[in-house]
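Listed here are the chains, written in short residue letters.
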Amino acid sequence: MGRRQLWRKVSSIPAVTYFKPAGVRMAELEELQLLVEEAEAIRLKDLEGMEQEECADKMSISRSTFSRLLDTARQKIADALLNGKAIRIEGGNFEMAVRRFRCLQGHEWDVPFERMISAPPENCPECDTPSIMPLFPPGLRRGGYGRGKQFRGRLSR
Ligand SMILES: [Zn+2]
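Summary of the structure given here. On a predicted model such as this, the values are computed, not experimentally measured, just so you know.

1. Notes on the coordination of the zinc ion
Then step 1. Distances from the zinc ion to its protein donors, Cys103 (SG), His107 (ND1), Cys124 (SG) and Cys127 (SG), fall within 2.0 to 2.3 Å.
Then step 2. Bound by 4 donor atoms, the zinc ion shows angles of 102 to 112° at the metal and therefore tetrahedral coordination geometry.
Then step 3. Each donor residue of the zinc ion belongs to the same chain, and together they define the spacing C-x3-H-x16-C-x2-C. You can see His107 sitting in the loop between strand S6 (98-103) and strand S7 (108-112) and its partner Cys127 sitting in the loop between helix H4 (113-118) and strand S8 (132-134), a full 20 residues away along the chain.

Given below as structure tokens:
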């Protein structure tokens, strides 16, 4: 096994995940990717105005990791804003603070962050079917999630 993955706890996903400057032709448009956890860092620190210590705590990471995340996020946003680049918010090593699951039979239940990173569910707690899937909040497509692809259980339809 490789290095242990560091998951960042994210409690909110932006509803709009693509920004594009006006007056730039698509062919000339440069696009940069802002990771979901970088967006969360900006949200907590710059939008909510929390102290770095508190932000790091909220995301379940060290203060130095949070500080690096924030620096990268701000650098990307500045680059996009001042150099006229598009921003796409997606991807990263994150897990939701609480994730809701649904099984093939329609049972739904919540799985907290701590359990998602230690032992993500493989079966429905009600009916034991392995056909389960995480429910995605509106606004972000499936591919944008850090861990979605790792789930074995799928609703086939
Ligand atoms: Zn079930």
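2. Observations regarding the pattern of salt bridges
Then step 1. Counted according to the given criterion, the structure contains 15 salt bridges.
Then step 2. A salt bridge links Glu38 to Lys76; its shortest N-O distance comes to 2.9 Å. Remark: Lys76 occurs in helix H3 (residues 63-83) and Glu38 occurs in helix H1 (residues 36-47); sequence separation between them is 38 residues. The exposure classification of Glu38 matches that of Lys76, with both residues buried.
Then step 3. Residue Arg100 is joined to Glu108 by a salt bridge in which the shortest nitrogen-to-oxygen separation is 2.8 Å.
Then step 4. Residue class for Glu108 comes out partly exposed when judged on its relative accessible area of 33%.
Then step 5. When salt bridges with common partners are traced through the structure, they connect Arg100, Arg102, Glu108 and Asp110 into a single cluster.

3. Re the sheet that holds S7
Then step 1. Read across the sheet, 3 strands follow the order S7-S6-S8 without closing on themselves; strand pairing throughout is antiparallel. The sheet is open, and its two edges are formed by S7 and S8, each paired on a single side. Taking the axes of each pair of neighbouring strands and ignoring which way they run, one obtains an average angle of 30° across the sheet.
Then step 2. In terms of strand pairing, S6 meets S8 through 3 bridges, oriented antiparallel. Bridge pairing links Cys103 to Ile132 in S8.

4. With respect to the sheet that holds strand S4 (residues 86-89)
Then step 1. One open sheet holds the 3 strands; their spatial order is S2-S4-S3, and the pairing between them is mixed. Among the strands making up the open sheet, the edge pair consists of strand S2 (18-19) and strand S3 (31-34).
Then step 2. In terms of strand pairing, S2 meets S4 through 2 bridges, oriented antiparallel. Of the residues in S4, the one forming a bridge with Phe19 is Ile87.
Then step 3. With respect to the sheet, H1 is in contact with S3 and S4, its orientation differing from that of S3 by roughly 70°.
Then step 4. Each of S3 and S4 touches H3; the most contacted strand, S3, lies at about 155° to it.

What counts as what
- Residues numbered from 1 in each chain as written.
- Predicted model: local features only at pLDDT ≥ 70, side-chain atom pairs only at ≥ 80, totals over all residues.
- Heavy atoms only, no water.
- Donors = N, O, S within 2.8 Å, 3.2 Å for Na, K, Ca; no water.
- Tetrahedral: all angles 85-135°; square planar, octahedral: opposite > 155°, others 65-115°.
- Helix = DSSP H or I, 4+ residues; strand = E, 2+ residues; numbered from the N terminus.
- Salt bridge = Lys/Arg side-chain N within 4 Å of Asp/Glu carboxyl O.
- Buried < 20%, exposed > 50% of the residue type's maximum accessible area, 1.4 Å probe, protein only.
- Pairing = 2+ DSSP bridges.
- Axes fitted to C-alpha atoms, helices over the stretch in contact; angles between N-to-C directions.
- Contact = heavy atoms within 4.5 Å.

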